[in-house]
Amino acid sequence: MTSTEQTPFYITTAISYPNGVPHIGHAYEVIATDAMARFKRLDGFDVFFLTGTDEHGQKMLQTAQKQGISPRELAQRNSDSFQQMNDELGISYDRFIRTTDPDHIDAAQEIWRRMEANGDVYLDKYAGWYSVRDEAYYSEEDTELREDGVRYATETDTPVTWTEEESYFFRLSAYQDKLLEHYRNAPDFGAPRSRFNEVIRFVERGLEDLSISRTTFDWGVPVPGNADHVMYVWVDALTNYLTGTGFPDTTSASFKKYWPADVHVIGKDISRFHAIYWPAFLMSAGLELPGRVMIHGFLHNNGVKMSKSLGNVIAPAEFVDQYGLDSIRYFFLREVPFGADGSYSHDAIVGRMNADLSNNLGNLAQRSLSMVKKNCDSQVPAPGEFTAADQQILDAAAALLPIVRDHFERQEFSRALEAVWNVLGDANAYFADQQPWVLRKTDEPRMRTVLYVTLEVVRRVALLVQPVMPDASSRLLDVLGQADGAARVFTAFDEPLESGSDLPEPAPIFPRYEVPAEV
RNA sequence: GGGGCGGUAGCUCAGUUGGUCAGAGCAGAGGACUCAUAAUCCUUGGGUCGUGGGUUCAAGCCCCACCCGCCCUACCA
(Lines give C-alpha, C1' and ligand atoms only; values in the text may rest on other atoms or scores of the structure.)
Protein backbone atom coordinates (compact mmCIF):
# COMPACT_ATOMS: atom_id res chain seq x y z
CA MET A 1 0.00 0.00 0.00
CA THR A 2 1.58 3.20 -1.10
CA SER A 3 -1.61 5.15 -0.76
CA THR A 4 -1.61 7.90 1.80
CA GLU A 5 -5.39 7.68 1.96
CA GLN A 6 -5.51 4.70 4.26
CA THR A 7 -8.56 4.45 6.43
CA PRO A 8 -7.67 4.85 10.09
CA PHE A 9 -8.44 2.10 12.52
CA TYR A 10 -8.04 2.61 16.23
CA ILE A 11 -8.16 -0.36 18.57
CA THR A 12 -7.42 -0.69 22.26
CA THR A 13 -7.14 -3.26 24.98
CA ALA A 14 -8.24 -2.45 28.47
CA ILE A 15 -5.38 -1.07 30.48
CA SER A 16 -4.26 -3.51 33.12
CA TYR A 17 -4.10 -2.79 36.81
CA PRO A 18 -0.46 -3.59 37.57
CA ASN A 19 -1.02 -4.50 41.18
CA GLY A 20 0.58 -7.85 40.46
CA VAL A 21 2.19 -9.77 37.68
CA PRO A 22 0.51 -10.41 34.34
CA HIS A 23 -1.20 -13.74 33.83
CA ILE A 24 -2.61 -15.68 30.93
CA GLY A 25 -5.83 -13.66 30.95
CA HIS A 26 -3.90 -10.50 30.22
CA ALA A 27 -2.03 -12.33 27.50
CA TYR A 28 -5.25 -13.55 25.94
CA GLU A 29 -6.67 -10.06 25.61
CA VAL A 30 -3.61 -8.50 24.06
CA ILE A 31 -3.09 -11.45 21.70
CA ALA A 32 -6.62 -11.18 20.37
CA THR A 33 -6.37 -7.44 20.01
CA ASP A 34 -3.01 -7.79 18.35
CA ALA A 35 -4.42 -10.23 15.81
CA MET A 36 -7.13 -7.73 15.01
CA ALA A 37 -4.64 -4.90 14.66
CA ARG A 38 -2.39 -6.93 12.42
CA PHE A 39 -5.27 -8.03 10.26
CA LYS A 40 -6.31 -4.44 9.70
CA ARG A 41 -2.78 -3.38 8.84
CA LEU A 42 -2.51 -6.16 6.28
CA ASP A 43 -5.88 -5.13 4.96
CA GLY A 44 -4.63 -1.65 4.24
CA PHE A 45 -5.77 0.29 7.25
CA ASP A 46 -3.80 2.89 9.12
CA VAL A 47 -3.88 1.20 12.49
CA PHE A 48 -3.29 2.66 15.90
CA PHE A 49 -3.12 0.05 18.64
CA LEU A 50 -3.09 1.21 22.23
CA THR A 51 -2.50 -0.83 25.36
CA GLY A 52 -1.02 -0.06 28.75
CA THR A 53 -1.48 0.07 32.48
CA ASP A 54 -3.88 1.78 34.89
CA GLU A 55 -1.68 2.75 37.78
CA HIS A 56 -3.59 4.89 40.24
CA GLY A 57 -5.79 3.97 43.13
CA GLN A 58 -5.79 2.89 46.69
CA LYS A 59 -4.73 -0.66 46.05
CA MET A 60 -1.57 0.39 44.31
CA LEU A 61 -0.86 2.70 47.20
CA GLN A 62 -1.42 -0.03 49.76
CA THR A 63 0.64 -2.59 47.92
CA ALA A 64 3.46 -0.12 47.60
CA GLN A 65 3.33 0.70 51.28
CA LYS A 66 3.40 -2.97 52.12
CA GLN A 67 6.51 -3.36 50.04
CA GLY A 68 8.05 -0.25 51.46
CA ILE A 69 8.33 1.54 48.16
CA SER A 70 6.54 4.48 46.62
CA PRO A 71 3.48 3.87 44.49
CA ARG A 72 5.35 5.37 41.61
CA GLU A 73 8.11 2.83 41.98
CA LEU A 74 5.63 -0.02 42.23
CA ALA A 75 3.79 1.25 39.18
CA GLN A 76 6.99 1.56 37.23
CA ARG A 77 8.15 -1.90 38.12
CA ASN A 78 4.88 -3.67 37.45
CA SER A 79 4.04 -1.66 34.41
CA ASP A 80 7.39 -2.69 33.02
CA SER A 81 6.54 -6.33 33.57
CA PHE A 82 3.31 -5.86 31.64
CA GLN A 83 5.12 -4.18 28.84
CA GLN A 84 7.65 -6.96 28.86
CA MET A 85 4.87 -9.49 28.54
CA ASN A 86 3.58 -7.62 25.52
CA ASP A 87 6.96 -7.77 23.94
CA GLU A 88 7.34 -11.46 24.70
CA LEU A 89 4.02 -12.05 23.03
CA GLY A 90 4.98 -10.12 19.94
CA ILE A 91 2.26 -7.56 20.51
CA SER A 92 2.37 -4.87 17.86
CA TYR A 93 1.14 -2.03 20.02
CA ASP A 94 1.82 1.48 18.82
CA ARG A 95 1.85 2.99 22.25
CA PHE A 96 2.06 1.53 25.70
CA ILE A 97 0.19 4.07 27.75
CA ARG A 98 0.49 4.55 31.48
CA THR A 99 -2.03 6.55 33.42
CA THR A 100 0.89 8.19 35.18
CA ASP A 101 2.09 9.61 31.87
CA PRO A 102 2.02 13.40 31.98
CA ASP A 103 -0.11 13.73 28.87
CA HIS A 104 -2.66 11.42 30.39
CA ILE A 105 -2.95 13.57 33.49
CA ASP A 106 -3.74 16.45 31.17
CA ALA A 107 -6.31 14.43 29.27
CA ALA A 108 -8.09 13.21 32.38
CA GLN A 109 -8.30 16.71 33.77
CA GLU A 110 -9.59 18.05 30.49
CA ILE A 111 -12.40 15.53 30.14
CA TRP A 112 -13.32 16.32 33.75
CA ARG A 113 -13.50 20.01 32.94
CA ARG A 114 -15.64 19.31 29.92
CA MET A 115 -18.08 17.19 31.89
CA GLU A 116 -18.16 19.82 34.58
CA ALA A 117 -18.73 22.58 32.04
CA ASN A 118 -21.64 20.56 30.74
CA GLY A 119 -23.19 20.62 34.19
CA ASP A 120 -22.74 16.94 34.87
CA VAL A 121 -20.34 17.14 37.80
CA TYR A 122 -21.38 18.22 41.26
CA LEU A 123 -20.03 18.01 44.78
CA ASP A 124 -21.93 16.03 47.37
CA LYS A 125 -21.43 13.42 50.02
CA TYR A 126 -21.00 9.78 49.35
CA ALA A 127 -22.18 7.59 52.14
CA GLY A 128 -22.36 3.89 52.56
CA TRP A 129 -20.90 0.80 54.09
CA TYR A 130 -17.27 0.86 53.15
CA SER A 131 -14.94 -2.10 53.09
CA VAL A 132 -11.35 -1.03 53.37
CA ARG A 133 -10.13 -4.38 52.17
CA ASP A 134 -12.34 -4.35 49.10
CA GLU A 135 -11.87 -0.66 48.62
CA ALA A 136 -15.55 -0.60 47.87
CA TYR A 137 -18.83 0.67 49.15
CA TYR A 138 -21.73 -1.67 49.69
CA SER A 139 -25.40 -0.93 49.95
CA GLU A 140 -27.13 -1.84 53.19
CA GLU A 141 -28.76 -4.92 51.70
CA ASP A 142 -25.40 -6.32 50.64
CA THR A 143 -24.16 -6.28 54.20
CA GLU A 144 -25.11 -8.13 57.35
CA LEU A 145 -24.57 -7.63 61.05
CA ARG A 146 -23.02 -10.76 62.48
CA GLU A 147 -22.83 -12.24 65.94
CA ASP A 148 -19.52 -10.58 66.66
CA GLY A 149 -21.29 -7.26 66.39
CA VAL A 150 -19.43 -6.35 63.27
CA ARG A 151 -21.12 -5.64 59.97
CA TYR A 152 -19.74 -7.52 56.98
CA ALA A 153 -20.09 -7.32 53.24
CA THR A 154 -22.05 -10.46 52.51
CA GLU A 155 -20.30 -11.24 49.29
CA THR A 156 -16.71 -10.83 50.30
CA ASP A 157 -16.84 -11.43 54.06
CA THR A 158 -14.98 -8.24 54.77
CA PRO A 159 -15.83 -5.87 57.60
CA VAL A 160 -17.49 -2.63 56.62
CA THR A 161 -17.86 0.65 58.40
CA TRP A 162 -20.34 3.44 57.79
CA THR A 163 -18.45 6.07 55.93
CA GLU A 164 -19.36 9.47 54.64
CA GLU A 165 -17.04 11.14 52.26
CA GLU A 166 -17.18 14.28 50.25
CA SER A 167 -17.17 13.31 46.64
CA TYR A 168 -17.78 14.66 43.23
CA PHE A 169 -20.53 12.97 41.32
CA PHE A 170 -21.17 12.46 37.68
CA ARG A 171 -24.77 12.86 36.61
CA LEU A 172 -25.01 9.41 35.10
CA SER A 173 -28.74 9.31 35.76
CA ALA A 174 -29.23 11.96 33.11
CA TYR A 175 -27.84 9.66 30.44
CA GLN A 176 -30.11 6.69 30.74
CA ASP A 177 -32.33 7.55 27.80
CA LYS A 178 -29.48 8.76 25.66
CA LEU A 179 -27.60 5.56 26.24
CA LEU A 180 -30.59 3.41 25.46
CA GLU A 181 -31.17 5.38 22.32
CA HIS A 182 -27.60 4.85 21.29
CA TYR A 183 -27.86 1.13 21.94
CA ARG A 184 -30.88 1.02 19.68
CA ASN A 185 -29.17 2.98 16.95
CA ALA A 186 -25.93 1.04 17.20
CA PRO A 187 -26.84 -2.59 17.77
CA ASP A 188 -23.20 -3.61 17.38
CA PHE A 189 -21.96 -1.16 19.97
CA GLY A 190 -21.59 -4.01 22.44
CA ALA A 191 -20.68 -7.58 21.62
CA PRO A 192 -21.26 -10.42 22.01
CA ARG A 193 -24.98 -9.84 22.03
CA SER A 194 -25.59 -11.72 25.27
CA ARG A 195 -23.19 -9.49 27.15
CA PHE A 196 -24.57 -6.41 25.50
CA ASN A 197 -28.05 -7.42 26.55
CA GLU A 198 -26.92 -7.56 30.14
CA VAL A 199 -25.65 -4.04 29.80
CA ILE A 200 -28.90 -2.83 28.28
CA ARG A 201 -30.91 -4.47 31.01
CA PHE A 202 -28.79 -2.77 33.57
CA VAL A 203 -29.38 0.63 32.07
CA GLU A 204 -33.09 0.01 31.67
CA ARG A 205 -33.41 -0.51 35.40
CA GLY A 206 -32.24 2.99 36.02
CA LEU A 207 -28.93 4.63 36.65
CA GLU A 208 -27.68 6.35 39.74
CA ASP A 209 -25.18 9.12 39.70
CA LEU A 210 -21.60 8.04 39.96
CA SER A 211 -19.08 8.96 42.58
CA ILE A 212 -16.00 10.04 40.66
CA SER A 213 -13.58 11.39 43.24
CA ARG A 214 -11.95 10.38 46.51
CA THR A 215 -10.38 12.26 49.36
CA THR A 216 -9.05 9.35 51.37
CA PHE A 217 -5.91 8.91 49.35
CA ASP A 218 -3.92 11.01 46.96
CA TRP A 219 -2.44 8.53 44.49
CA GLY A 220 -4.41 9.68 41.51
CA VAL A 221 -5.12 12.48 39.11
CA PRO A 222 -5.91 15.68 41.01
CA VAL A 223 -9.38 17.00 40.42
CA PRO A 224 -9.13 20.34 38.59
CA GLY A 225 -9.75 23.17 41.00
CA ASN A 226 -9.88 21.06 44.14
CA ALA A 227 -6.61 19.60 45.31
CA ASP A 228 -8.33 17.72 48.14
CA HIS A 229 -9.75 15.27 45.62
CA VAL A 230 -8.24 12.80 43.23
CA MET A 231 -10.21 11.27 40.43
CA TYR A 232 -11.69 7.96 41.23
CA VAL A 233 -10.78 5.19 38.84
CA TRP A 234 -13.12 5.42 35.86
CA VAL A 235 -12.73 8.97 34.69
CA ASP A 236 -9.01 8.48 34.98
CA ALA A 237 -8.73 5.00 33.52
CA LEU A 238 -11.16 5.19 30.63
CA THR A 239 -9.75 8.47 29.44
CA ASN A 240 -6.57 6.69 28.45
CA TYR A 241 -8.27 5.86 25.18
CA LEU A 242 -8.47 9.57 24.45
CA THR A 243 -4.98 10.32 25.64
CA GLY A 244 -3.60 7.84 23.16
CA THR A 245 -4.91 9.92 20.29
CA GLY A 246 -3.51 13.22 21.47
CA PHE A 247 -6.45 14.49 23.49
CA PRO A 248 -6.88 17.15 24.83
CA ASP A 249 -5.44 18.56 21.65
CA THR A 250 -8.49 17.89 19.55
CA THR A 251 -6.93 19.72 16.66
CA SER A 252 -3.99 17.36 16.49
CA ALA A 253 -3.64 15.21 13.43
CA SER A 254 -3.71 12.02 15.42
CA PHE A 255 -6.85 12.92 17.33
CA LYS A 256 -8.66 13.87 14.17
CA LYS A 257 -7.50 10.71 12.50
CA TYR A 258 -8.06 8.11 15.18
CA TRP A 259 -10.85 9.31 17.42
CA PRO A 260 -13.36 7.82 17.93
CA ALA A 261 -11.89 4.40 18.58
CA ASP A 262 -13.18 1.63 16.38
CA VAL A 263 -12.94 -1.18 18.91
CA HIS A 264 -12.31 -1.39 22.63
CA VAL A 265 -11.42 -4.97 23.52
CA ILE A 266 -12.17 -5.70 27.17
CA GLY A 267 -12.94 -8.50 29.58
CA LYS A 268 -16.45 -9.30 30.71
CA ASP A 269 -15.71 -7.99 34.18
CA ILE A 270 -15.57 -4.41 33.01
CA SER A 271 -18.28 -4.37 30.38
CA ARG A 272 -20.48 -2.01 32.33
CA PHE A 273 -17.82 0.59 32.69
CA HIS A 274 -17.03 0.55 29.01
CA ALA A 275 -20.53 0.24 27.65
CA ILE A 276 -22.27 2.59 30.09
CA TYR A 277 -19.99 4.98 31.94
CA TRP A 278 -17.64 5.55 29.07
CA PRO A 279 -20.17 6.57 26.43
CA ALA A 280 -21.92 8.70 29.04
CA PHE A 281 -18.68 10.49 29.87
CA LEU A 282 -18.02 11.06 26.20
CA MET A 283 -21.50 12.38 25.53
CA SER A 284 -21.10 14.74 28.42
CA ALA A 285 -17.72 15.89 27.16
CA GLY A 286 -19.07 16.41 23.70
CA LEU A 287 -16.91 13.75 22.14
CA GLU A 288 -17.76 11.04 19.67
CA LEU A 289 -18.48 7.54 20.89
CA PRO A 290 -16.37 4.50 20.06
CA GLY A 291 -17.74 2.12 17.48
CA ARG A 292 -17.70 -1.08 19.44
CA VAL A 293 -16.99 -2.56 22.81
CA MET A 294 -15.93 -6.15 22.29
CA ILE A 295 -16.29 -8.15 25.46
CA HIS A 296 -14.27 -11.31 25.77
CA GLY A 297 -14.63 -14.11 28.29
CA PHE A 298 -12.24 -15.62 30.76
CA LEU A 299 -9.91 -18.53 30.31
CA HIS A 300 -10.01 -21.43 32.67
CA ASN A 301 -7.28 -23.92 33.26
CA ASN A 302 -8.82 -27.30 32.53
CA GLY A 303 -12.17 -25.78 33.24
CA VAL A 304 -11.02 -24.52 36.61
CA LYS A 305 -10.88 -20.85 37.32
CA MET A 306 -7.43 -19.43 37.75
CA SER A 307 -6.65 -18.17 41.17
CA LYS A 308 -3.61 -17.50 43.23
CA SER A 309 -4.85 -19.69 46.04
CA LEU A 310 -5.25 -22.65 43.72
CA GLY A 311 -1.77 -22.08 42.42
CA ASN A 312 -2.88 -22.63 38.85
CA VAL A 313 -1.99 -19.18 37.62
CA ILE A 314 0.34 -19.60 34.71
CA ALA A 315 2.75 -16.96 33.58
CA PRO A 316 2.44 -16.20 29.89
CA ALA A 317 6.18 -16.63 29.50
CA GLU A 318 5.93 -20.22 30.69
CA PHE A 319 3.39 -20.93 28.02
CA VAL A 320 5.53 -19.40 25.36
CA ASP A 321 8.53 -21.39 26.50
CA GLN A 322 6.67 -24.64 26.53
CA TYR A 323 4.62 -24.47 23.34
CA GLY A 324 5.97 -21.59 21.33
CA LEU A 325 4.45 -18.17 20.83
CA ASP A 326 2.63 -18.80 17.58
CA SER A 327 1.17 -22.03 18.86
CA ILE A 328 -0.44 -20.42 21.86
CA ARG A 329 -1.63 -17.47 19.81
CA TYR A 330 -3.26 -19.90 17.41
CA PHE A 331 -4.64 -22.04 20.18
CA PHE A 332 -6.34 -19.24 22.06
CA LEU A 333 -7.89 -17.72 18.98
CA ARG A 334 -8.93 -20.99 17.36
CA GLU A 335 -10.09 -22.91 20.38
CA VAL A 336 -12.18 -20.32 22.17
CA PRO A 337 -15.03 -18.48 20.47
CA PHE A 338 -14.10 -14.90 21.23
CA GLY A 339 -16.62 -13.53 23.68
CA ALA A 340 -17.23 -16.83 25.44
CA ASP A 341 -15.33 -18.24 28.34
CA GLY A 342 -12.78 -20.79 27.35
CA SER A 343 -10.69 -23.55 28.73
CA TYR A 344 -7.15 -24.54 28.06
CA SER A 345 -5.30 -27.69 28.87
CA HIS A 346 -2.07 -29.27 27.85
CA ASP A 347 -3.87 -31.91 25.82
CA ALA A 348 -6.02 -29.39 24.02
CA ILE A 349 -3.04 -27.24 23.13
CA VAL A 350 -0.99 -30.16 21.90
CA GLY A 351 -3.98 -31.40 19.95
CA ARG A 352 -4.31 -28.12 18.09
CA MET A 353 -0.60 -27.84 17.54
CA ASN A 354 -0.21 -31.28 16.06
CA ALA A 355 -3.50 -31.74 14.25
CA ASP A 356 -4.05 -28.26 12.89
CA LEU A 357 -0.61 -26.77 12.61
CA SER A 358 1.83 -29.62 12.07
CA ASN A 359 -0.39 -32.03 10.20
CA ASN A 360 -2.94 -30.06 8.25
CA LEU A 361 -0.92 -26.97 7.42
CA GLY A 362 2.74 -27.69 8.02
CA ASN A 363 2.74 -31.08 6.42
CA LEU A 364 0.78 -29.92 3.39
CA ALA A 365 3.32 -27.20 2.81
CA GLN A 366 6.24 -29.49 3.38
CA ARG A 367 5.06 -32.32 1.13
CA SER A 368 4.23 -30.02 -1.76
CA LEU A 369 7.36 -27.92 -1.43
CA SER A 370 9.48 -31.00 -1.08
CA MET A 371 8.14 -32.39 -4.34
CA VAL A 372 8.73 -29.08 -6.04
CA LYS A 373 12.28 -29.11 -4.86
CA LYS A 374 12.94 -32.61 -6.10
CA ASN A 375 10.94 -32.52 -9.29
CA CYS A 376 10.68 -28.93 -10.38
CA ASP A 377 14.20 -27.71 -9.87
CA SER A 378 13.14 -25.71 -6.80
CA GLN A 379 11.09 -23.37 -8.91
CA VAL A 380 7.40 -22.57 -8.81
CA PRO A 381 6.08 -24.98 -11.44
CA ALA A 382 4.12 -23.82 -14.45
CA PRO A 383 0.55 -25.09 -14.32
CA GLY A 384 -1.32 -26.42 -17.30
CA GLU A 385 -5.02 -26.06 -17.90
CA PHE A 386 -6.90 -26.26 -14.61
CA THR A 387 -9.31 -29.12 -14.15
CA ALA A 388 -12.56 -28.77 -12.28
CA ALA A 389 -10.87 -30.17 -9.19
CA ASP A 390 -8.05 -27.64 -9.46
CA GLN A 391 -10.44 -24.80 -9.94
CA GLN A 392 -12.60 -25.87 -7.07
CA ILE A 393 -9.86 -25.80 -4.47
CA LEU A 394 -8.39 -22.60 -5.93
CA ASP A 395 -11.78 -20.95 -5.72
CA ALA A 396 -12.27 -22.12 -2.17
CA ALA A 397 -8.96 -20.58 -1.16
CA ALA A 398 -9.68 -17.39 -3.06
CA ALA A 399 -13.01 -17.05 -1.28
CA LEU A 400 -11.32 -17.06 2.10
CA LEU A 401 -10.27 -13.43 2.28
CA PRO A 402 -13.79 -11.97 2.33
CA ILE A 403 -14.92 -14.71 4.68
CA VAL A 404 -12.06 -14.18 7.08
CA ARG A 405 -12.45 -10.44 6.82
CA ASP A 406 -16.10 -10.71 7.81
CA HIS A 407 -15.25 -12.78 10.83
CA PHE A 408 -12.44 -10.49 11.91
CA GLU A 409 -14.76 -7.54 11.56
CA ARG A 410 -16.77 -9.06 14.38
CA GLN A 411 -13.72 -10.40 16.22
CA GLU A 412 -14.89 -13.93 15.50
CA PHE A 413 -11.39 -15.25 15.32
CA SER A 414 -12.25 -18.88 15.88
CA ARG A 415 -14.68 -18.82 12.99
CA ALA A 416 -12.15 -17.20 10.72
CA LEU A 417 -9.60 -19.86 11.49
CA GLU A 418 -12.17 -22.59 11.19
CA ALA A 419 -12.97 -21.43 7.68
CA VAL A 420 -9.30 -21.46 6.75
CA TRP A 421 -8.79 -24.91 8.13
CA ASN A 422 -11.82 -26.21 6.28
CA VAL A 423 -10.08 -25.27 3.09
CA LEU A 424 -6.87 -26.87 4.29
CA GLY A 425 -8.80 -30.06 4.87
CA ASP A 426 -10.10 -29.90 1.32
CA ALA A 427 -6.60 -29.16 0.08
CA ASN A 428 -5.19 -32.22 1.79
CA ALA A 429 -7.93 -34.33 0.25
CA TYR A 430 -7.24 -32.75 -3.12
CA PHE A 431 -3.56 -33.53 -2.86
CA ALA A 432 -4.19 -37.13 -1.89
CA ASP A 433 -6.77 -37.51 -4.59
CA GLN A 434 -4.55 -36.12 -7.34
CA GLN A 435 -1.56 -38.21 -6.25
CA PRO A 436 1.17 -36.02 -7.68
CA TRP A 437 3.75 -38.64 -6.66
CA VAL A 438 2.10 -40.97 -9.17
CA LEU A 439 1.78 -38.23 -11.76
CA ARG A 440 5.50 -37.73 -11.45
CA LYS A 441 5.91 -40.99 -13.32
CA THR A 442 2.88 -40.78 -15.56
CA ASP A 443 2.08 -37.18 -16.35
CA GLU A 444 4.62 -34.58 -15.30
CA PRO A 445 2.74 -31.55 -16.64
CA ARG A 446 -0.24 -32.62 -14.61
CA MET A 447 1.98 -33.10 -11.57
CA ARG A 448 3.28 -29.58 -11.97
CA THR A 449 -0.26 -28.27 -12.14
CA VAL A 450 -1.25 -30.06 -8.95
CA LEU A 451 1.82 -28.80 -7.14
CA TYR A 452 1.22 -25.30 -8.34
CA VAL A 453 -2.37 -25.36 -7.21
CA THR A 454 -1.37 -26.68 -3.81
CA LEU A 455 1.32 -24.08 -3.34
CA GLU A 456 -1.12 -21.40 -4.31
CA VAL A 457 -3.59 -22.56 -1.69
CA VAL A 458 -0.86 -22.66 0.92
CA ARG A 459 0.24 -19.17 -0.07
CA ARG A 460 -3.23 -17.77 0.43
CA VAL A 461 -3.55 -19.49 3.76
CA ALA A 462 -0.14 -18.24 4.85
CA LEU A 463 -1.19 -14.69 4.05
CA LEU A 464 -4.38 -15.02 6.05
CA VAL A 465 -2.85 -16.51 9.17
CA GLN A 466 -0.25 -13.78 9.51
CA PRO A 467 -2.29 -11.84 12.08
CA VAL A 468 -2.53 -14.90 14.27
CA MET A 469 0.91 -16.41 13.77
CA PRO A 470 3.22 -13.63 12.65
CA ASP A 471 6.44 -15.55 12.96
CA ALA A 472 5.44 -18.93 11.57
CA SER A 473 3.52 -17.44 8.69
CA SER A 474 6.48 -15.28 7.86
CA ARG A 475 8.69 -18.34 7.62
CA LEU A 476 6.04 -20.09 5.58
CA LEU A 477 5.95 -17.18 3.17
CA ASP A 478 9.74 -17.34 3.09
CA VAL A 479 9.74 -20.89 1.82
CA LEU A 480 7.07 -19.91 -0.69
CA GLY A 481 9.47 -17.31 -2.00
CA GLN A 482 7.29 -14.38 -1.04
CA ALA A 483 9.44 -11.36 -0.31
CA ASP A 484 8.72 -9.05 2.55
CA GLY A 485 6.48 -6.15 1.68
CA ALA A 486 3.92 -5.94 -1.07
CA ALA A 487 3.67 -9.69 -1.60
CA ARG A 488 2.60 -10.20 1.98
CA VAL A 489 -0.27 -7.79 2.40
CA PHE A 490 -3.81 -8.57 1.39
CA THR A 491 -3.65 -6.68 -1.87
CA ALA A 492 -1.38 -9.54 -2.94
CA PHE A 493 -4.01 -12.11 -2.07
CA ASP A 494 -5.21 -12.39 -5.65
CA GLU A 495 -1.80 -12.17 -7.21
CA PRO A 496 -0.89 -15.77 -7.81
CA LEU A 497 2.51 -17.35 -7.55
CA GLU A 498 4.79 -16.62 -10.43
CA SER A 499 5.85 -19.75 -12.29
CA GLY A 500 9.57 -20.12 -12.68
CA SER A 501 10.47 -18.10 -9.64
CA ASP A 502 13.06 -19.69 -7.39
CA LEU A 503 12.10 -21.22 -4.09
CA PRO A 504 14.41 -21.57 -1.14
CA GLU A 505 15.17 -24.84 0.58
CA PRO A 506 11.92 -25.99 2.18
CA ALA A 507 11.98 -26.23 5.92
CA PRO A 508 9.32 -27.55 8.28
CA ILE A 509 7.49 -24.66 9.88
CA PHE A 510 5.34 -26.32 12.48
CA PRO A 511 7.16 -29.09 14.33
CA ARG A 512 5.00 -31.56 16.17
CA TYR A 513 4.86 -31.19 19.89
CA GLU A 514 6.68 -34.19 21.26
CA VAL A 515 6.34 -35.14 24.87
CA PRO A 516 9.74 -34.85 26.48
CA ALA A 517 11.08 -38.38 26.80
CA GLU A 518 10.76 -39.95 30.21
CA VAL A 519 14.00 -41.05 31.75
C1' G B 1 -36.01 -12.89 44.75
C1' G B 2 -35.80 -10.76 39.48
C1' G B 3 -33.63 -11.30 34.53
C1' G B 4 -30.62 -13.88 30.81
C1' C B 5 -28.02 -18.09 28.61
C1' G B 6 -27.11 -23.17 28.03
C1' G B 7 -28.03 -28.82 28.65
C1' U B 8 -27.23 -32.52 20.82
C1' A B 9 -22.28 -38.81 19.43
C1' G B 10 -16.52 -40.55 24.52
C1' C B 11 -14.67 -35.03 24.25
C1' U B 12 -15.50 -29.85 22.15
C1' C B 13 -19.38 -28.09 19.77
C1' A B 14 -22.67 -26.64 14.50
C1' G B 15 -27.61 -26.90 13.83
C1' U B 16 -31.02 -20.08 9.84
C1' U B 17 -37.64 -18.17 9.61
C1' G B 18 -40.32 -26.03 12.35
C1' G B 19 -40.48 -30.44 7.17
C1' U B 20 -32.94 -35.19 4.23
C1' C B 21 -31.64 -31.71 11.07
C1' A B 22 -29.73 -36.01 13.38
C1' G B 23 -24.23 -33.17 11.82
C1' A B 24 -18.56 -31.38 12.07
C1' G B 25 -13.82 -31.69 14.34
C1' C B 26 -10.99 -34.51 17.84
C1' A B 27 -10.43 -39.34 20.11
C1' G B 28 -11.37 -44.82 18.83
C1' A B 29 -11.77 -49.01 14.91
C1' G B 30 -10.68 -50.88 9.92
C1' G B 31 -8.43 -50.02 5.16
C1' A B 32 -5.27 -47.30 1.37
C1' C B 33 -0.95 -44.79 0.00
C1' U B 34 4.25 -43.44 0.44
C1' C B 35 5.16 -37.10 -1.91
C1' A B 36 5.38 -35.54 3.37
C1' U B 37 6.58 -33.56 10.06
C1' A B 38 4.73 -42.11 12.07
C1' A B 39 2.14 -36.99 8.39
C1' U B 40 -2.21 -37.72 4.44
C1' C B 41 -6.62 -40.00 2.24
C1' C B 42 -10.97 -43.40 2.49
C1' U B 43 -14.60 -46.14 5.44
C1' U B 44 -16.73 -46.39 10.25
C1' G B 45 -21.11 -42.29 14.64
C1' G B 46 -27.91 -46.09 15.32
C1' G B 47 -26.60 -40.59 20.01
C1' U B 48 -34.49 -41.21 23.78
C1' C B 49 -31.06 -33.94 20.52
C1' G B 50 -31.80 -32.51 29.89
C1' U B 51 -37.07 -34.60 31.82
C1' G B 52 -42.47 -34.68 31.28
C1' G B 53 -46.48 -32.76 28.76
C1' G B 54 -48.67 -29.74 24.66
C1' U B 55 -49.38 -27.23 19.62
C1' U B 56 -48.83 -29.12 14.47
C1' C B 57 -49.78 -33.20 8.84
C1' A B 58 -44.55 -32.41 10.74
C1' A B 59 -40.30 -30.07 16.46
C1' G B 60 -33.27 -30.02 18.93
C1' C B 61 -35.78 -26.00 16.36
C1' C B 62 -42.81 -23.29 18.95
C1' C B 63 -45.64 -23.35 24.00
C1' C B 64 -45.98 -24.97 29.43
C1' A B 65 -43.86 -27.24 33.73
C1' C B 66 -39.73 -29.35 35.99
C1' C B 67 -34.32 -30.86 36.77
C1' C B 68 -29.14 -29.40 36.17
C1' G B 69 -25.13 -25.81 35.03
C1' C B 70 -23.46 -20.86 34.07
C1' C B 71 -24.04 -15.48 33.88
C1' C B 72 -26.08 -10.44 35.28
C1' U B 73 -28.53 -7.87 39.40
C1' A B 74 -23.53 -0.44 40.28
C1' C B 75 -18.93 2.47 42.44
C1' C B 76 -11.81 -3.52 43.60
C1' A B 77 -10.04 -3.27 38.90
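Structure: above.
Basis of the calculations
- The numbering scheme is per chain: residues are counted from 1 as the chain's sequence reads.
- The lettering of chains begins at A and the numbering of ligands begins at 1, in the order of writing.
- In keeping with the predicted nature of the model, local features appear solely for residues at pLDDT of at least 70, side-chain atom pairs appear and are counted solely at 80 or more, and the whole-chain, interface and lining totals rest on all residues.
- Side-chain numbers come from the whole structure's heavy atoms, not from hydrogens or water.
- Buried Ala, Val, Leu, Ile, Met, Phe, Trp, Tyr and Cys residues that are joined via side-chain atoms within 4.5 Å together make up what is termed a nonpolar core.
- Remark: exposure states derive from per-residue accessible area (1.4 Å probe, protein chains only) relative to the maximum for the residue type, with buried under 20%, exposed over 50%, and partly exposed in between.
- Secondary structure elements follow DSSP: runs of H or I of four or more residues count as helices, runs of E of two or more count as strands, with numbering from the N terminus.
- By definition, residues are in contact when any of their heavy atoms lie within 4.5 Å.
- For two strands to be treated as a pair, DSSP must find at least two bridges joining them.
- Think of a salt bridge as a Lys or Arg side-chain nitrogen and an Asp or Glu carboxyl oxygen that are within 4 Å of each other.

Draft legend 1. Region of interest: the nonpolar core. One finds Leu89, Phe332, Phe408, Val420, Trp421, Met469 and Leu476 to be the most contacted residues of the largest nonpolar core, which totals 96 residues. Looking at this core, the element that brings in the most residues is helix α18 (residues 444–464), giving 12 residues. Ignoring anything within four residues of it in the chain, the contact list for leucine 476 reads Leu361, Ala365, Val458, Ala462 and Ile509.

Draft legend 2. Representation of the sheet that holds strand β6 (residues 143–145) within the structure. Spatial strand order, β6-β7-β8: 3 strands in an open sheet with antiparallel pairing. The open sheet has two edge strands, β6 and β8 (158–159), and neither has a second partner. Two elements, strand β7 (residues 151–153) and β8, share 2 bridges in a ladder whose sense is antiparallel. Within β8, the residue paired with tyrosine 152 across the bridge is proline 159.

Draft legend 3. Fine view of the pattern of salt bridges. A full pass over the atoms with the stated rule returns 26 salt bridges. We note a salt bridge from lysine 268 to aspartate 341, for which the minimum N-O separation is 2.8 Å. One end of the pair, lysine 268, is in the loop between β15 (263–267) and α10 (271–285); the other, aspartate 341, is in the loop between α12 (325–335) and β18 (342–344), with 73 residues separating them in the sequence. Judged by relative accessible area, aspartate 341 falls into the partly exposed class, the value being 36%. Two residues, lysine 373 and glutamate 505, come together in a salt bridge whose shortest N-O distance is 3.0 Å. One end of the pair, lysine 373, is in helix α13 (residues 346–375); the other, glutamate 505, is in the segment after α19 (470–479), and 132 residues separate them in sequence. Where salt bridges share partners, they join Glu456, Arg459, Arg460 and Asp494 into one cluster.

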